[in-house]
Amino acid sequence: MAITYTDVDMMLFHVEYKVQMNNNNNNNNNNNSSSSSISAEAFEILLRNQMKQILLMTSFADEIAAFATSTDSQLGEPGLETVAVHMDLALTPGGLHLKPSQLAGSLKGSAELQDDRASQLTVVAESFTVKDIDECENEIFNRCHEMAVCVNTVGSYSCTCDEGYDDVSTGKVGSDCRKLERRSTVMIVVGSVIAIIAVGTLVVAGVVIYYARVRNRGGAAFSPSPSTYNIHPRTHRGRWQV
Ligand SMILES: [Ca+2]
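The rules behind each value
Every residue gets a number counted from 1 within its own chain, in the order that chain's sequence is written. Residue-level local features of this predicted model are given only where pLDDT is at least 70; pairs of side-chain atoms are given and counted only at 80 or more, and the full residue set underlies all totals for whole chains, interfaces and linings. With hydrogens and water excluded, all non-hydrogen atoms of the structure serve as input to the side-chain values. Helix and strand definitions here come from DSSP, where helices need a minimum of 4 consecutive H or I residues and strands a minimum of 2 consecutive E residues; each element is numbered from the N-terminal end. Two cysteine sulfur atoms make up a disulfide if the distance between them is within 2.5 Å. Under the scheme applied here, a residue whose accessible area is under 20% of the maximum for its type counts as buried, over 50% as exposed, and between as partly exposed, the area being computed with a 1.4 Å probe on protein chains only. One confidence number per residue, pLDDT, is output by the predictor and ranges from 0 to 100. Whether two residues are in contact is decided by their heavy atoms: any pair within 4.5 Å suffices. UniProt positions are given in the numbering used here, feature names are shortened, and annotations may be inferred rather than shown by experiment. As used throughout, the charge tally considers Lys and Arg to be positive and Asp and Glu to be negative, leaving His and the chain termini uncounted. Think of a salt bridge as a Lys or Arg side-chain nitrogen and an Asp or Glu carboxyl oxygen that are within 4 Å of each other. Metal sites are built from N, O and S donor atoms within 2.8 Å, or 3.2 Å for Na, K and Ca, and they leave out water, so they may look incomplete.

Further remarks concern the environment of Ala90. With respect to the secondary-structure elements, Ala90 resides in strand β3 (residues 82-91). Remark: the alpha-carbon pair of Ala90 and His14, spanning 76 residues in sequence, is separated by 8.9 Å.

Here you go:
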């Protein structure tokens with residue numbers, strides 16, 4: 001199980017450690033044949049409760065937002081005493097100052113205080129290692145926009161919009177990138193073309209109208225008036241008589 005915080009900014013770390021299955025209880029019952037048997041469900045409950053106690057005693061307890069554990073080994077196998085455990089640890093942004101080595105040291109110290117060999121489940125304190133989670137490797141861990149570059153940092157990550165894209169994010173920087181400049185340029189070009197066509201149409205229309213008027217005026221000047229025809233009414237209509 002992994003923590004997936006994509007709606008808020010969290011510091012994510014991966015913790016690897018080992019737990020030791022203690023057989024004291026079963027030895028006391030003289031029943032070694034099922035000494036290691038424990039259901040996966042019961043083990044998860046034990047593990048989570050113990051880890052919660054350990055985490056609450058660390059120096060960064062106030063920064064813990066959530067944790068999730070998972071195991072590699074199959075549980076309930078005869079003779080199985082040590083199980084490798086993975087834990088995803090989410091801290092609030094206030095934990096930014098903490099380094100993985102500091103987290104591991106605090107976990108170790110807290111586990112040593114909790115170490116109780118008489119109980120069924122014992123945490124092997126020496127096994128804690130803390131690693132940064134590379135949020136950029138898996139999209140479920142980061143909120144970078146598809147047109148943004150994701151850069152992993154210790155405990156966190158950053159997003160930067162690609163060149164030519166504007167950052168219009170309202171939340172995490174680089175979570176929303178838009179092609180605003182190019183869109184404006186296209187609109188300007190389209191607007192200019194429309195304006196040129198409109199002006200050209202007006203000019204052409206003006207020229208056509210002008211020549212039409214000139215043509216109409218010229219035709220009236222050279223046309224003979226009806227009175228001119230009446231001077232020689234017997235001549236062929238339309239021919240001039242000198
Ligand atoms: Ca990281």
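Now that the structure has been shown, the text picks up again.
This brings us to the state of the cysteines. Here the structure, examined in full by the defined rule, presents three disulfides. Paired through a disulfide, Cys161 and Cys177 show a sulfur-sulfur distance of 2.1 Å. In this structure, the disulfide formed by Cys161 and Cys177 twists by about -80° around the S-S bond and is classed as left-handed. Here Cys161 is found in strand β6 (residues 156-161), whereas its partner Cys177 is found in strand β8 (residues 177-178), with 16 residues between them in sequence. Residue Cys161 is classed as buried on the basis of its relative accessible area, which comes to 15%. Disulfides within the protein chain link the bonded cysteines, taken in sequence order, as 1-3, 2-4, 5-6.

A word on the confidence of the model for the protein chain. Looking at the protein chain, pLDDT values average 78 and 74% of them are 70 or higher. Contacts of residues 27-35 to residues separated by more than four positions or lying in other chains number five contacts, the stretch itself having pLDDT below 50. Note that residues 219-242 has pLDDT below 50 and, in this model, seven contacts with residues that lie over four places away or in other chains.

Moving on to the UniProt feature "transmembrane region" (unreviewed entry) in the protein chain. Within the UniProt annotation, "transmembrane region" (unreviewed entry) is assigned to residues 186-212. End-to-end, the C-alpha atoms of residues 186-212 are 39 Å apart, and along that stretch the chain is 100% helix and 0% strand.

Here we take up the side chain of Glu135. Following the sequence through the fold, Glu135 ends up in the loop between β4 (121-132) and β5 (148-153). No salt bridge is formed by the buried Glu135. Its closest oppositely charged neighbour is Lys172, at 8.4 Å. Excluding residues within four positions of it along the chain, Glu135 makes contact with Leu12, Phe141, Asn142, Asn152, Thr153, Gly155, Ser156 and Tyr157.

This brings us to the environment of Val151. By secondary structure assignment, the location of Val151 is in strand β5. Taking the relative accessible area as the measure of exposure, Val151 reaches 39% and is therefore partly exposed. Residues Val151 and Glu135, 16 residues apart in the sequence, show an inter-C-alpha distance of 8.5 Å. Apart from the residues lying within four places of it in its own chain, the contact partners of Val151 are Cys136, Tyr157 and Ser158.

Turning to the coordination of the calcium ion, a few remarks are in order. Within the protein, the atoms that donate to the calcium ion are Asp132 (OD), Asp132 (OD), Ile133 (O), Glu135 (OE), Asn152 (OD1), Thr153 (O) and Ser156 (O), at distances of 2.3 to 2.9 Å. Sequence spacing of the donor residues for the calcium ion, all on one chain, is D-I-x1-E-x16-N-T-x2-S. Remark: Thr153 occurs in strand β5 and Glu135 occurs in the loop between β4 and β5; sequence separation between them is 18 residues. Judged by its relative accessible area of 1%, Glu135 is buried.

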